[in-house]
Amino acid sequence: MTMGYYAPTNVHFGAGAEDKVAEVLKAEGATKVLIHFGGGSVKRSGLLDKVEKLLSEGGIEYVELGGVVPNPRVSLVRKGIELVKSEGVDFILAVGGGSVLDSAKAIGYGVYGGGDVWDFYCGNRKVEGTLPVGVILTLAATGSEMSDSSVITNDETDPIYKRGVNTDFGRVKFALLDPELTYTVSKYQTACGATDIMMHTLERYFHQGYALDFTDQMSFTLLKEVMKNAPVALEHPDDYDARANIMWCGTLSHNGLMATGNANKGDWACHQIEHELSAEHDVAHGAGLAAIWGSWARYVLSVDPERFVKLGEGVFGESDPVKAIEKFEEFFRSIGMPTDIKGLGLDFDEAACRTAALGVTFQNARKIGNFKVLDTEDIFNIYMMAAGLK
Ligand code: NZQ
Ligand code: ZN
């Protein structure tokens, strides 16, 4: 039993980290860069202008592609691939949140691999390389800045699919992490981000087999830091300490560190169950996770109540596992997150729960989870609980 830990990303963390962009691009041998960004926050903040100026001063050519939306779409990825090819781009710079970075990773895979980029996401082909990617992160949430993951939504199919691909080629070359760039993130996205960060640690914590106590203790500390700092960031968006602690927790929560020494990489069922919600209903990923987690936790509690007891004691000093689950939910609600499907603005009936459960298992073709392996019926039950129907 061994677990890998591969973290090759060159990280610069702290106020002004983005000032290094030309230097790190040159160190990577970049000569012409695609600057990839989202719906406009980087224009409003002046970050895009700043980056372009730094590149020009550094003698690095660039082209731009904006328009990445939350739950990033394969249609824009395809545009990016064409642009990179026609312009002779040799490096992709994501300037934005997790969606922009995931889109940049997808463009990298598509350019390197040729053919239909969706093949990598639906499992028809393995990623065997990528155009190099770097990021200036503007939102602390997904941990994509050091993770091996990219999650893309196929808006060209009916039903719409949201699929992730995990590969070490998805580990970006550099991540410039300036907590000050997250001062403008809305309260809602700040709360979604905090939830996602916590969930990346919780999903790893819940697994079958050996758990290294040191990793458990790091996990508890990370969870407590996020729960301490998220309310501060909501109240004072420009509190450097709060933003910095959240940002670094976000990076370490999903770069593999929180599973080191354990028997495996964790459960991830809540992510799969959430991705089905954000694919079909375009909800924010963090909010979807908060809406599901409590129902999942109650459903799987009996598998290993002691694991819940350790978590409750480590995070809240609470040895009653049911109360510990409730405390996590209370926290989510305190930062404005929903703890059921209704809270996402969705009205799920039994048929919707069934359809979503079948979507998660690819129409009964797979099971998910590790702490408890879940089939379609289990997932249906969890959706029913989260919808208040059970
Ligand atoms: O598009 P712009 O205008 O930039 O606005 C964005 C977007 O509307 C805004 N925003 C970002 N930085 C900002 C800002 N607004 C003001 N000031 C700033 N500094 O925030 C909104 C949400 O952005 P998005 O990138 O979608 O959020 P997030 O970083 O949470 O990414 C979510 C996506 O990542 C996937 C999710 O499923 C979802 O598709 N995930 C990716 C993972 C990975 N690659 O490792 C792991 C995660 O579990 C997750 O699945
Ligand atoms: Zn996540």
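Everything that follows concerns the structure shown earlier in this document.
One structure accompanies this document, and this report is about it. Quick caveat: nothing in here was measured; it's all calculated off a predicted structure. (Residues numbered from 1 in each chain as written. Chains lettered and ligands numbered in written order. Predicted model: local features only at pLDDT ≥ 70, side-chain atom pairs only at ≥ 80, totals over all residues. Heavy atoms only, no water.)

## Some details on the pairing of strand 8 (residues 174-177)
Inference 1: In strand 8, alternate side chains face the same way, and those of Phe 174 and Leu 176 on one face and Ala 175 and Leu 177 on the other are all buried.
Inference 2: Relative to strand 8, strand 5 (residues 133-137) is paired through four bridges, and the arrangement is parallel. Counted as the bridge partner of Leu 137 is Leu 177 from strand 8. (Buried < 20%, exposed > 50% of the residue type's maximum accessible area, 1.4 Å probe, protein only. Helix = DSSP H or I, 4+ residues; strand = E, 2+ residues; numbered from the N terminus. Pairing = 2+ DSSP bridges.)

## Some thoughts on the pairing of strand 7 (residues 161-166)
Inference 1: Summarising the sheet, strand 6 (residues 149-154) and strand 7 pair through six bridges and their orientation is antiparallel. The partner of Ser 149 across the bridge, within strand 7, is Asn 166.

## Side note on empty space enclosed by the protein
Inference 1: Evaluation of the coordinates by the stated rule reveals one cavity of 30 Å³ or more.
Inference 2: There is about 90 Å³ of room inside the largest cavity.
Inference 3: Taken together, Leu 139, Ala 140, Thr 182, Val 185, Gln 189, Thr 190, Gly 193, Ala 194, Arg 243 and Ile 246 make up the full set of residues lining the largest cavity.
Inference 4: Of all the secondary structure elements, the ones that give two or more residues to the lining of the largest cavity are helix 7 (187-205) and helix 9 (240-253).
Inference 5: The element best represented in the lining of the largest cavity is helix 7, accounting for four residues. (1 Å grid on protein atoms, 1.4 Å probe; cavity = no way out; pocket = protein on both sides within 12 Å on 5 of 7 lines; lining within 4 Å. Points joined across faces, edges and corners; volume = space filled by probe spheres on them.)

## A word on the sheet that holds strand 3 (residues 61-65)
Inference 1: The parallel open sheet is built from six strands, whose spatial order is 1-8-5-4-2-3. Each edge of the open sheet is held by one strand with a lone partner, namely strand 1 (10-13) and strand 3. Across the sheet, the axes of successive neighbouring strands diverge by a mean angle of 15°, strand direction being ignored.
Inference 2: Two elements, strand 2 (residues 32-36) and strand 3, share five bridges in a ladder whose sense is parallel. Its bridge partner being in strand 3, Lys 32 is matched across the sheet by Glu 61.
Inference 3: Packing against the sheet, helix 5 (residues 98-113) makes contact with strand 2, strand 4 (91-96) and strand 5, and its axis sits at approximately 165° to strand 4. (Axes fitted to C-alpha atoms, helices over the stretch in contact; angles between N-to-C directions. Contact = heavy atoms within 4.5 Å.)

## Here's the deal with the nonpolar core
Inference 1: Of all hydrophobic cores here, the largest spans 101 residues; its most connected members are Trp 293, Trp 296 and Tyr 383.
Inference 2: Once you skip the residues sitting within four places of it in the chain, Tyr 383 turns out to touch Ile 273, Glu 276, Leu 277, Ile 292, Ile 341, Phe 348, Cys 353, Ala 356, Ala 357 and Val 360.
Inference 3: In this structure, Ala 30, Ile 35, Leu 47 and Leu 181 belong to the second largest nonpolar core, which totals 23 residues. (Core = buried A, V, L, I, M, F, W, Y, C linked by side-chain atoms within 4.5 Å.)

## Examining the packing of helix 7 against helix 8 (residues 213-235)
Inference 1: Viewed as axis vectors pointing N to C, helix 7 and helix 8 meet at an angle of 175°, and their least axial separation amounts to 10 Å. In terms of axis orientation, helix 7 runs roughly antiparallel to helix 8. Residues Lys 187, Thr 190, Ala 191, Ala 194, Ile 197, Met 198, Thr 201, Leu 202 and Tyr 205 of helix 7 form the contact with helix 8, whose own contacting residues are Asp 216, Ser 219, Phe 220, Leu 222, Leu 223, Val 226, Met 227, Ala 230, Ala 233, Leu 234 and Glu 235.
Inference 2: Its residues placed into classes, the contact of helix 7 with helix 8 shows 14 nonpolar, three polar and three charged. (Parallel < 35°, antiparallel > 145°, perpendicular 65-115°, else oblique. Nonpolar A, V, L, I, M, F, W, Y, C, P; charged D, E, K, R; others polar.)

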